[in-house]
Each structure stands twice: as C-alpha cells, then as structure tokens.
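Fold and contact review
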Amino acid sequence: MRRPALFPDALTHSPALVLGLVMFALAMPAAAQWKWRGADGKIQYSDRPPPADLPEKNILSRPPGFNKPPVVVVTQMDAAASAPASAAVAPSRKPTEAAIDAKRREAQAAAEAQRTAEAAKAAKQQADNCQRARDYARSLDSGVRIARVNAQGERVVLEDDDRAKEAKRTQEVIASDCR
C-alpha cells in the first residue's frame, strides 16, 4: 500500500489550511506595531508612528529597527552667558497648547455670551412683570369692577377693602421690582 505525500494532499483537500497560511503570511508585517498612550490616557496601537507632538515618555513600544531619538542634555552656564542664549532658546509653545488656549478662550467667550443673554432675558422679563404690575395698579385705581374666580369656580367681585389690599400689594411689588 502506497502512502500519499502529506503536504500536497493537505493543500488540495483543505482550503481552510491554505487560507490560514495566507492569513498568517499577511499578518506578519502587522507585528511591527507602535504602542503609545494618547492625550486622553488610552493606549493606542498602530502600524504607523504616533503624532509628532506626543511626548517621548508616552511611547510605550516601537517596532524593531526604530531607535529612540537622542537625548539632548542642557548644562547650566554662568548667568552672564546664559541670559542671551536662554532668550534665543526660549521654549516655544506647542501647537497643542495654543489650540487648548484657543478652545479655552472660545469657551470663555461662549460662557460670557450665555451669561449676557440670560441677563438680557431676565431684564426683559422683569420689565414685562413691572409693566403688568403698573397696568394692574391703574386698573385698581380706576374704579372698574374687578372680579376673580373662587375655589368653587364662582365669579366674585372685589370689595373695597380687598381692592385696597390688592392696591397696596401691587404698589409694594412695583416699589421692589421696578427701578
């Protein structure tokens, strides 16, 4: 009895094995992964390098062949020599800091606009309430009959002492709310 060759037989009778081998071969370049901690604190994986503005301490791993950038050591010089050099080598603001400052200014401007709109709305409502109180006071002073609906749903006309109490209360509201 003749035994057939293992590999050619497996390739012809097992397409899943062939597909698995192809997938494994395609996945090999993906092993070269970058790993870093993003600005939001989450760990990121990619086959491309992290953003250029990412601090070196946040890069957790690199693919083989990518070395860390050289570390530049700054030594302290005497005060006279370091003054002009420090002005020339002043640390520039990172683009992310400028963007954060711009967003902070936008948020402050939006909050200020919202406060201004709320203050204008409150002032308009107060002016409207003041006008209503003055109109009601004029109605009370005019002597026109004023009626209300009681708890039983009946219409009741204000008597003189009730009218005087209402007039006094309305004048207090005008004195406190209308300026």
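For the structure, check the block above.
Right, let's walk through the structure included here.

Analysis parameters
Residues numbered from 1 in each chain as written. Predicted model: local features only at pLDDT ≥ 70, side-chain atom pairs only at ≥ 80, totals over all residues. Heavy atoms only, no water. Helix = DSSP H or I, 4+ residues; strand = E, 2+ residues; numbered from the N terminus. Expected span 1.5 Å × (residues − 1). Buried < 20%, exposed > 50% of the residue type's maximum accessible area, 1.4 Å probe, protein only. Arc of directions from axis to C-beta. Contact = heavy atoms within 4.5 Å. Core = buried A, V, L, I, M, F, W, Y, C linked by side-chain atoms within 4.5 Å. Pairing = 2+ DSSP bridges. Patch = residues over 30% accessible without salt bridge, like charges linked within 9 Å, V, L, I, M, F, W, Y side chains within 5 Å. Areas by Shrake-Rupley, 256 points an atom, 1.4 Å probe, with all protein chains shown as cover. Salt bridge = Lys/Arg side-chain N within 4 Å of Asp/Glu carboxyl O. Lys, Arg positive; Asp, Glu negative; His and termini not counted. Charge placed at Lys NZ, Arg CZ, Asp CG, Glu CD. Disulfide = S-S within 2.5 Å.

1. Concerning helix α5 (residues 160-177)
Here α5 spans 25 Å end to end across 18 residues, near enough to the 26 Å set by a 1.5 Å rise per residue. Of the positions making up α5, those classed as buried are R163, E166, T170 and I174. Each buried residue of α5 sits inside an arc of 75° when the element is viewed along its axis, so together they form one side. In α5, those exposed residues whose orientation departs by more than 90 degrees from the buried face are D161, K165, K168 and A175. Residues of α5 that are buried in the fold lie against α4 (95-142) and β4 (147-149).

2. Quick word on the nonpolar core
One finds C130, A133, A137, I174 and C178 forming the largest nonpolar core, which totals five residues. Looking at this core element by element, the count peaks at three residues for α4. Aside from chain neighbours lying at most four places away, what touches A133 is T170, V173 and I174.

3. Observations regarding the environment of D160
Mapping D160 onto the fold places it in helix α5. Taking the C-alpha atoms as reference, D160 lies 9.6 Å from G143; in sequence the two are 17 residues apart.

4. Looking at the pairing of strand β2 (residues 43-46)
Here strand β1 (residues 34-37) runs beside β2; their pairing, made up of four bridges, is antiparallel. Counterpart to R37 in the pairing with β2 is I43.

5. Notes on a negative patch on the surface
Residues E159, D160, D161 and D162 make up a contiguous surface patch of negative charge. With respect to the helices and strands, the residue D162 is situated in helix α5. Take D162: its relative accessible area is 34%, and that puts it in the partly exposed class.

6. Comments concerning the pairing of β1
Judged by which residues are buried, β1 turns out to be one-sided: W34 and W36 face inward and are buried, whereas K35 and R37, on the alternate face, are not. Between the antiparallel neighbours β1 and β2 lie five residues, among them G41 with a positive phi of about 90°. Pairing between β1 and strand β3 (residues 59-61): two bridges, direction antiparallel. In the sheet register, K35 faces β3, and the bridge partner there is S61.

7. Remarks on the state of the cysteines
Applying the stated criterion across every chain yields a total of one disulfide. Note on cysteine connectivity: C130 is disulfide-linked to C178, with sulfurs 1.7 Å apart. Across the S-S bond linking C130 and C178, the dihedral sits near 130°, which makes this disulfide right-handed. Note that C130 is positioned in helix α4 and C178 in the segment after α5, a separation of 48 residues in sequence. There is no split in this pair, since C130 and C178 are both buried.

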